[in-house]
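# Breakdown of the fold
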Amino acid sequence: MKKVAIIGAGPGGLAAGMVLSKKGYDLHIFEKDNQVGGRSKRLSLGDYHFDIGPTFLMYLEILEEVFQKAGYDVHKELDLMRLEQLYTLMFNDVTFNMSKDPIENIKMYEKYQPGMGKSYEKWFSAQRRKLNVFAPILKKPFPNALHYLRPDVLKAAPYLHPFKSVYSLLKTFNPNENFIHSLSFQAKYLGMASYQAPSFFTILPYLEHALGLYHVRGGLNQINHKMAELIEKNGGKVHLNRQVEEIIVEKGSMKGLRIHGEYMPFDEVIINADFAYAMNHLIKEDHLKKYTPLKLEKKKYSVSTFMLYLGLDKEYDFSHHEILFSKDYESYLKGLTQNEITDDISVYIHNPIRTDDTYAPKGHSSLFLLVPVPNLTADVDWSTYREHLKEVTLDLIEKRHQIDLRSHIKAIHMIDPTQWKDDYNVYQGAVFNLAHNLPQMLNRRPQNKFEEIKHVYLVGGGTHPGSGLPTIYQSALILDKYL
Ligand SMILES: Cc1cc2nc3c(=O)[nH]c(=O)nc-3n(C[C@H](O)[C@H](O)[C@H](O)COP(=O)(O)OP(=O)(O)OC[C@H]3O[C@@H](n4cnc5c(N)ncnc54)[C@H](O)[C@@H]3O)c2cc1C
């Protein structure tokens, strides 16, 4: 029986485990942490629970397929809830309450500015056409430039607008800044500003508006726990507290792993650990040409995040998902891309008790606050700056909402880019991985069948097709074509 190892039980590694668990392999997942999930794991502070990372679940059909491959129905295994309201977006001069019903959104935009409803309708139809042509491309490997000549890629070419960004493409639908930002803040899911993100990514908000945003009772972290359970049910093994130290390579071919000083032979290895971290720490440099530490240093990486997880003895009126935009959002985005810090921040608030009573005791709440910040290539001393940013974040929410948060805090946990790097093994703390600029996408992104070493495969946000749960799950589905 073929012995297959997966390094890391993040969403990518677990999805790979699901896809491979029915193929009759001797399957082992090695996770360095004491629980599964990685950047998507569960955090508990006493009776207050949180998702460490992902809170937005969209494009469910990919996750459905992952469960089907393992012989299960995701709708039976998880308590999935479609959110009625997508999110609240608080700009300086207007608040948009975005609905799951596009007709309501047309009315909302039209009320804000006559004609804007029509712009939204046009944008919506254009994204539908775009998704239809791009979805098949992202579902396949893209190993080299010849693949640009594939019929499906040629069909999509007119929709690519390679010289436009998400921001400039949206501007062609309506130049109003609030309109543009309400349909482009999703570039942050890729750790990019809308000015940088290739126009292709205007489909991200469409996935939410047309196909819905989902919550899982207990948190998105439950997807990971369920996958680990089903992999073991199918005969695979998930080993916790097992940090892989080295991938052993001989003459360009993977032979096995070194774990806790012990050599373990394997036939195939799948890397889920952060791609750039893995190249720097798990493979000896002389086995690499394209992805040496020096070459990786020169690549572009996503922004990072500063996180506050608060357990509070009070419930608040925030929506399930809410974003407070900076006063000068444009400068904030531009500053982020130039590694600058500012007090005029944007904050995303996750207030899951609006939908799910498992996060905190009755009358209490668990708030997750996320502030996009530069990654560790910026010159910021996080040992002092994190306290300052905590105060700025709390001030902003208290002032904008006219509420008192501070005196209700019963539990608190903070993560800054240095913890993402040191505790989660994320290169430069760039939590959304290699940036998604055109020179680092498709055939120019690390391929799921690793180009440099035989019998090594890649899954997760740093590989093809990209960061974000749907594409991470898709990276595992692509493995099906190789293994
Ligand atoms: C704050 C935040 C919010 C996010 N929000 C969203 C969202 O709302 N929606 C969305 O779709 N995406 C979101 N993402 C992006 C993405 O979905 C998550 O980061 C996701 O967890 C990445 O999955 P992954 O499998 O690529 O990597 P990881 O989750 O990092 O998994 C890698 C695993 O490898 C393990 N590992 C590392 N090194 C070793 C080693 N040497 N040996 C053994 N194990 C090792 C790690 O412990 C980890 O478990 C968010 C990310 C962050 C950080």
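Residues numbered from 1 in each chain as written. Predicted model: local features only at pLDDT ≥ 70, side-chain atom pairs only at ≥ 80, totals over all residues. Heavy atoms only, no water.

## Here's the deal with the overall build of the protein
As a reminder, the rule being used: Helix and strand definitions follow DSSP, with helices as H or I runs of at least four residues and strands as E runs of at least two, each counted in order from the N terminus. Only the C-alpha atoms count toward the radius of gyration. The rule for a globule is 2.2 Å times the residue count to the power 0.38. Two residues qualify as a contact provided that any one of their heavy atoms is within 4.5 Å of a heavy atom in the partner residue. For the accessible areas, the method is Shrake-Rupley and the probe is 1.4 Å, while residue cover comes only from the protein chains on display. The convention is simple: Lys and Arg are positive, Asp and Glu are negative, and His and the chain ends are not counted. Where a charge lies is defined by one atom per residue type, namely NZ (Lys), CZ (Arg), CG (Asp) and CD (Glu).
Along its length, the protein carries 16 helices and 19 strands. For 483 residues, the compact-globule formula gives about 23 Å, and the C-alpha radius of gyration of the protein, at 22 Å, lands near that figure. Within the protein, contacts between residues separated by at least 24 positions form 71% of all contacts whose residues are at least 6 apart in sequence. For the protein, the exposed surface amounts to about 19,200 Å²; the carbon and sulfur share of it is 51%. Side chains of the protein carry 58 positive and 56 negative charges; the gap between the two charge centres is 7 Å.

## As for the layout of surface pockets
Quick note on the threshold: Each cavity reported here is a set of points on a 1 Å grid over the protein atoms alone in which a 1.4 Å probe fits but cannot get out, each pocket an open set with protein on both sides within 12 Å along at least five of seven lines, and each lining residue one with an atom within 4 Å of a point. Grid points are joined across faces, edges and corners, and a volume is the space filled by probe spheres set on the points. When residues are sorted by character, Ala, Val, Leu, Ile, Met, Phe, Trp, Tyr, Cys and Pro go into the nonpolar class, Asp, Glu, Lys and Arg into the charged class, and all the rest, Gly among them, into the polar class.
Size it by volume and the largest pocket reaches roughly 340 Å³. Forming the boundary of the largest pocket are 18 residues, of which Gln196, Lys300, Tyr301, Thr337 and Asn375 lie nearest the centre. In terms of residue class, the lining of the largest pocket is made up of 6 nonpolar, 9 polar and 3 charged. Approximately 290 Å³ is the volume found for the second largest pocket. Forming the walls of the second largest pocket are 14 residues, and the residues nearest its centre are Phe134, Tyr148, Leu160, Leu438 and Leu442. Going through the elements one at a time, helix 5 (116-138) and helix 6 (151-156) are the ones with two or more residues in the lining of the second largest pocket. Element by element, the count of residues in the lining of the second largest pocket is highest for helix 5, at 3 residues.

## Overview of the domain arrangement of the protein
Just so we agree on the cut-off: Where a domain begins and ends is set by an automatic assignment or by a domain database. Buried area: the accessible surface (1.4 Å probe) lost by two parts on joining, summed over both. Salt bridge criterion: a side-chain nitrogen from Lys or Arg within 4 Å of a carboxyl oxygen from Asp or Glu. Throughout this description, a polar contact denotes any pair of N or O atoms lying within 3.5 Å of each other; where both atoms belong to protein, one of them has to be capable of donating a hydrogen while the other can accept it, and for residues adjacent in sequence the pair is counted only when both atoms sit in side chains.
Partitioning the protein into domains gives domain 1 (3-40 + 57-77 + 219-298 + 434-479), domain 2 (105-201) and domain 3 (303-424). Taking the mean C-alpha position of each, domain 2 and domain 3 sit 28 Å from one another. The interface is formed by 9 residues belonging to domain 2 together with 11 residues belonging to domain 3. The contact between domain 2 and domain 3 buries some 890 Å² in all, and 72% of this surface belongs to carbon and sulfur atoms. Applying the counting criterion to the domain 2 and domain 3 interface returns 0 salt bridges. Taken together, domain 2 and domain 3 are joined by 2 residue pairs in polar contact (both at pLDDT 80 or more). In the side of domain 2 that touches domain 3, the residues fall into 3 nonpolar, 4 polar and 2 charged.

## Observations regarding the packing of helix 4 (residues 102-112) against helix 5
We apply this condition: In this analysis, axes come from line fits to C-alpha atoms, helices being fitted only over the stretch in contact, and the angle between any two N-to-C directions falls in the range 0 to 180 degrees.
Orientation of helix 4 relative to helix 5, taken along the N-to-C sense of each, is 140°, at an axis distance of 6 Å. Contacts from Pro102, Asn105, Ile106, Tyr109, Glu110 and Tyr112 of helix 4 reach helix 5 at Met116, Gly117, Lys118, Tyr120, Glu121 and Phe124. Residue composition of the contact of helix 4 with helix 5, grouped by class: 7 nonpolar, 2 polar and 3 charged.

## Section: the pairing of strand 4 (residues 48-51)
To keep it simple, the criterion reads: Remark: exposure states derive from per-residue accessible area (1.4 Å probe, protein chains only) relative to the maximum for the residue type, with buried under 20%, exposed over 50%, and partly exposed in between. Two strands are said to pair when DSSP picks up at least two bridges between them.
Of the two faces of strand 4, the one lined by Tyr48 and Phe50 and the one lined by His49 and Asp51 are each fully buried. Here 4 bridges tie strand 3 (residues 42-45) to strand 4, and the two strands are oriented antiparallel to one another. When the bridges of strand 4 are listed, Leu45 appears paired with Tyr48. Counting the residues that bridge the hairpin from strand 3 to strand 4 gives 2 residues, and of these Gly46 lies at a positive phi of roughly 60°.

## What about the sheet that holds strand 10 (residues 244-250)?
Taken together, the 3 strands give an open sheet; going across it, the order is 10-11-12, and neighbouring strands pair in antiparallel fashion. Bordering the open sheet on either side are strand 10 and strand 12 (262-265), each of which pairs with just one other strand. Neighbour to neighbour, the strand axes of the sheet diverge by 30° on average, direction disregarded. Bridging between strand 10 and strand 11 (residues 253-259) involves 6 bridges; their strand directions are antiparallel. If you follow Val249 over to strand 11, its bridge partner there is Met254.

## Section: the site of the ligand
Here is the rule we go by: Being near a molecule or strand, for a residue, means having at least one of its heavy atoms within 4 Å of it.
Taken together, the neighbourhood of the ligand is formed by 38 residues, with Glu31, Arg39, Ser40, Asn272 and Leu469 sitting nearest. The separation between an oxygen atom of the ligand and a polar main-chain atom of Pro11 is 3.4 Å. One of the backbone N or O atoms of Lys32 is found 3.2 Å from a nitrogen atom in the ligand. Here the ligand loses 97% of its free accessible area of 980 Å² to cover by the protein chains. Those elements that place two or more of their residues in the shell around the ligand are helix 1 (11-20), strand 14 (304-312) and helix 16 (469-479). Tallying contributions element by element places helix 16 first for the shell around the ligand, with 3 residues. The class makeup of the residues in the shell around the ligand is 19 nonpolar, 15 polar and 4 charged. Residues lining the shell around the ligand come from more than one domain, with at least three contributed by each of domain 1 (3-40 + 57-77 + 219-298 + 434-479) and domain 3 (303-424).

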